[in-house]
Amino acid sequence: MAQNPAVGDADRMRYLERAIELAVANVVEGGGPFGAVVVMRDGTAFEGTNRVARDHDPTAHAEVVAIRRAAAGTQDFDLHGAVLYTSCEPCPLCLAAALWARISAVFFAADRYDAAAAGFDDAVFYEYLAGTDHSLMPVARAPLDRRVAPFEAWNAFEGRTRY
């Protein structure tokens, strides 16, 4: 497996600075203060900024936008070997997206406490995922006889793409 060229200290700082530049420029354009860069093993970079309010999409966080662009640009949903650089510590949504994309490493500048001080407090989501408070949004399984029908169809379909 090829080593990602963007993991040295100088490159790491350069990509983190770029993520910060993207975030600041996004604020000037009316977007949220978040920027991200996905760097592939070959050095190809894909950028993203927070587009939540602009696109009316609660999932359009900078990291998710950058991951979507990287997947589209490489025509591959498996970004193993890629590195994600972000202006701020990834929230649970962004961290999950990076995990699903098989991103190999994540580096961030500001942390969740810096974000909270600016009014972006995700603490309730971290608590929810830690299992300490599920009153935020109950999630429950419904007892349906056909609950596994989609999985049976998947297993029977010979043309499936495993992921």
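Keep in mind the model is a prediction, meaning the values are calculated, not measured. (Residues numbered from 1 in each chain as written. Predicted model: local features only at pLDDT ≥ 70, side-chain atom pairs only at ≥ 80, totals over all residues. Heavy atoms only, no water.)

Draft legend 1. Fine view of the pattern of salt bridges. Tallying each qualifying case throughout the model produces seven salt bridges. Residue arginine 112 is joined to glutamate 89 by a salt bridge in which the shortest nitrogen-to-oxygen separation is 2.9 Å. Placement of arginine 112 in helix H5 (residues 112–117) and of glutamate 89 in the loop between strand S3 (83–88) and helix H4 (92–100) is noted, with a sequence separation of 23 residues between them. Given a relative accessible area of 29%, arginine 112 falls into the partly exposed group. On the basis of relative accessible area, glutamate 89 is assigned to the buried category, the value being 17%. Overlapping salt bridges bring together Arg18, Glu21 and Glu47 as one network. (Salt bridge = Lys/Arg side-chain N within 4 Å of Asp/Glu carboxyl O. Helix = DSSP H or I, 4+ residues; strand = E, 2+ residues; numbered from the N terminus. Buried < 20%, exposed > 50% of the residue type's maximum accessible area, 1.4 Å probe, protein only.)

Draft legend 2. Summary view of the UniProt feature "domain: CMP/dCMP-type deaminase" (unreviewed entry) in the chain. Look at the UniProt record and you will see "domain: CMP/dCMP-type deaminase" (unreviewed entry) annotated at residues 10–121. End C-alpha atoms of residues 10–121 are separated by 30 Å, and the span's content is 46% helix alongside 20% strand. (UniProt positions renumbered as here; feature names shortened; annotations may be inferred.)

Draft legend 3. Structural view of the nonpolar core. By size, the foremost hydrophobic cluster in this structure holds 21 residues, and its most contacted members are Val38, Met40, Ile67, Leu79 and Ile103. Counting only elements with at least two residues in this core, the list comes to strand S1 (35–39), helix H3 (62–74), S3 and H4. With near-sequence residues (within four places) excluded, isoleucine 67 lies in contact with Val38, Leu79, Ala97, Ala98, Ala101 and Ile103. Membership of the second largest hydrophobic core comes to seven residues, among which are Tyr15, Leu16, Val37 and Val39. (Core = buried A, V, L, I, M, F, W, Y, C linked by side-chain atoms within 4.5 Å. Contact = heavy atoms within 4.5 Å.)

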